[in-house]
Protein chains: 2
Amino acid sequence: MATIDPRTRRKQVLRQKILEVSREILLAQGLAGLTMRRVAEAVDYSPAAIYLHFQSREQIAQELCFAGLRQLYERLESVTAEDPASRLSAYARAYLEYAQSDPETYRLIFMADPQLTKAVFAHRDAGGGQAALNLIVTAFTDLHSSLKRTGGKPIEFAELFWASLHGLASLRIACSRALTGDEFRLAQLVTEKITGTEEKSHAKAQRR
Amino acid sequence: MATIDPRTRRKQVLRQKILEVSREILLAQGLAGLTMRRVAEAVDYSPAAIYLHFQSREQIAQELCFAGLRQLYERLESVTAEDPASRLSAYARAYLEYAQSDPETYRLIFMADPQLTKAVFAHRDAGGGQAALNLIVTAFTDLHSSLKRTGGKPIEFAELFWASLHGLASLRIACSRALTGDEFRLAQLVTEKITGTEEKSHAKAQRR
DNA sequence: GTCTATAGGCTGATAGAC
DNA sequence: GTCTATCAGCCTATAGAC
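Keep in mind the model is a prediction, meaning the values are calculated, not measured.

A. Focus on the packing of helix 5 (residues 84-101) of chain A against helix 9 (residues 154-174) of chain A. Residues and elements named next belong to chain A. At their nearest, the axes of helix 5 and helix 9 sit 10 Å apart, and the two run at 30° to each other. Between helix 5 and helix 9, the crossing angle belongs to the class labelled roughly parallel. Helix-helix and strand crossings are classified by hand; for helix 5 and helix 9 the assignment is right-handed. Counting all contacts with helix 5, which are made through Leu88, Tyr91, Ala92, Tyr95, Leu96 and Ala99, the residues of helix 9 involved are Phe161, Trp162, Leu165, His166, Leu168, Ala169 and Ile173. A class-by-class count of the residues in the contact of helix 5 with helix 9 yields 12 nonpolar, one polar and no charged.

Shown next as structure tokens:
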């Protein structure tokens, strides 16, 4: 498995470098600014050389999405709170922090191009998308069993939670003026509402 | 005010027709497919003629956004329920129905291009964006006074409500597979959670 | 007002020399 | 592997004839 062949290695390094500069270009200029020519110029090769490592511009975009979803998953996975409600509260914060940290990748994954989004979600295993949602579903399962609730499936609550966070993140990205409130506060609020933990959270807010 | 001059009239008619075909092209091919050449071909004029009615492609896109926001506002405004919680429930449905009825315009307004979104929200008066949010803010004001609640400002609840609906609508548009649940049901659920009217709504669900 | 023609760009992707 | 050169196409916007 370990490829020590220097030639293969150099190729992998260049491939990685292409992805790195692509992410920088994406961040600075958006998807429309991500052109093969610009990528080539940034890694100091000719445009044709890029095609030795990636089949198309589309494939570069897809790999950026996968990398982004992995990062998002890592942020969620690093949450350690045991109490399910606290865990969901931390997920909310982590989710918005990710979107804020790399808004253009977030936009690429969810907003830029429906074809791309569909392709990315089609082979979910390649990214952390499904894994991330699973974390949230598990938290709601834990929450409901701890509260002995019966109404509503955890997957529904998880999707609702996710949609709310996505709404906050994407409105902020699309137009910072759209929301006058702080999205972290709004996320905390919606988490309380969906988990039904308003009373507890006031004490928690004091502790902070 | 009434311009009966036939020349002016013909000009207005053509302008309107340009917007109509633009919306059709947008729906079929997305923003990238909306080019001056295609618009010109669809109205059977030369590309140059379009510039007599619109300064640029960007301006056409903006006017489509304004028209879309007006339509969204009309749908919300036609809601008549007096009880604030029921009104919000109906707003949720109307909002999702609008997004579903014209997904590419919805995408254009909120997802396609941050510059465009910012421009549209910058002169809000031109569209129904601010007016629509005001309806929701009013409903939350009514709700809170009827419930004699003190915690949280109505504008926060309104923005949260909006963001949740936008999250549902935009995830559905970006990737129909992303949400496994029915978004109307999820919207009903989040409305109940945010308004805190879960008990009532069960009775309501029966009545339907 | 409407046309033709065109300036002046940009793009993704490939063929073929080295 | 990497290059140069290029194909084949797209685009917005404008100048100037009619």
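B. Local environment of the environment of Ala169 of chain A. Residues and elements named next belong to chain A. By secondary structure assignment, the location of Ala169 is in helix 9. Taking the relative accessible area as the measure of exposure, Ala169 reaches 4% and is therefore buried. With 72 residues separating them in the primary sequence, Ala169 and Glu97 have C-alpha atoms 9.1 Å apart. Leave out the neighbours within four places in its chain, and Ala169 touches Tyr95, Leu96, Ala99 and Tyr106.

C. Representation of the protein's contact with DNA strand D within the structure. Around DNA strand D, the structure places 15 residues, and the nearest of them are Ser46 of chain A together with Thr35, Arg37, Tyr51 and Arg57 of chain B. For DNA strand D, the fraction of protein-proximal atoms (within 4 Å) that sit in sugar or phosphate groups is 56%. Here a phosphate oxygen of DNA strand D sits 3.3 Å away from a polar atom, N or O, in the side chain of Arg7 of chain A. Ser46 of chain A is positioned with one of its backbone polar atoms (N or O) 2.8 Å from a phosphate oxygen of DNA strand D.

D. Representation of the packing of aromatic side chains. Residues and elements named next belong to chain B. Within the structure shown, the criterion is met by 14 aromatic pairs over all chains. Measuring from centroid to centroid gives 4.8 Å for Tyr106 and Phe110, while their planes differ by 45°, and the two rings are tilted. Of the two residues, Tyr106 and Phe110 both sit in helix 6 (residues 103-112), four residues apart, roughly one turn of that helix. Accessibility assignment for this pair places Tyr106 and Phe110 in one class, buried.

E. Fine view of the side chain of His144 of chain A. Residues and elements named next belong to chain A. Summarising the element assignment, His144 is placed in helix 8 (residues 129-147). Exposure remark for His144: the relative accessible area of 5% places this residue in the buried category. Contacts of His144, omitting those with residues within four sequence positions, involve Arg149, Gly151, Gly152 and Phe157.

F. Examining the relation of the copies chain B and chain A more closely. The two copies are related by a screw motion: chain B maps onto chain A through a turn of 180° and a shift of 0.0 Å along the axis, at an RMSD of 0.0 Å. In short, the pair behaves as if placed about a two-fold rotation axis. A share of 100% of interface residues in chain B that are also interface residues in chain A marks the association as one of identical surfaces.

G. Quick peek at the interface of chain B and chain A. Opposite the 40 residues of chain B that make contact, chain A presents 40 residues. Between chain B and chain A lies a buried interface of about 3,500 Å² when both sides are counted; carbon and sulfur atoms form 62% of it. Considering only the surface of chain B that becomes buried against chain A, Glu159, Leu160 and Lys193 of chain B emerge as the three largest contributors, covering 17% of it. The tally of links between chain B and chain A comes to two salt bridges. Notably, a salt bridge pairs Glu156 of chain B with Arg185 of chain A, separated by 2.7 Å at the nearest N-O pair. The tally of links between chain B and chain A comes to 11 residue pairs in polar contact (both at pLDDT 80 or more). Of all elements in the fold, only helix 6, helix 7 (114-122), helix 9 (154-174) and helix 10 (183-195) of chain B reach the threshold of two or more residues within the side of chain B that touches chain A. Sort the elements by how many residues they give to the side of chain B that touches chain A and helix 9 of chain B lands first, with 15 residues. Class assignment for the residues of the side of chain B that touches chain A results in 22 nonpolar, eight polar and 10 charged.

How each quantity is defined
- Residues numbered from 1 in each chain as written.
- Chains lettered and ligands numbered in written order.
- Predicted model: local features only at pLDDT ≥ 70, side-chain atom pairs only at ≥ 80, totals over all residues.
- Heavy atoms only, no water.
- Axes fitted to C-alpha atoms, helices over the stretch in contact; angles between N-to-C directions.
- Helix = DSSP H or I, 4+ residues; strand = E, 2+ residues; numbered from the N terminus.
- Parallel < 35°, antiparallel > 145°, perpendicular 65-115°, else oblique.
- Left-handed = near helix turned anticlockwise from the far one by under 90°.
- Contact = heavy atoms within 4.5 Å.
- Nonpolar A, V, L, I, M, F, W, Y, C, P; charged D, E, K, R; others polar.
- Buried < 20%, exposed > 50% of the residue type's maximum accessible area, 1.4 Å probe, protein only.
- Near = heavy atom within 4 Å.
- Polar contact = N/O pair within 3.5 Å; in protein donor to acceptor, adjacent residues only side chain to side chain.
- Phe/Tyr/Trp six-rings, centres within 6.5 Å; stacked < 30°, edge-to-face > 60°.
- Least-squares fit on C-alpha atoms with pLDDT ≥ 70 in both.
- Buried area = accessible area lost by both parts, 1.4 Å probe.
- Salt bridge = Lys/Arg side-chain N within 4 Å of Asp/Glu carboxyl O.

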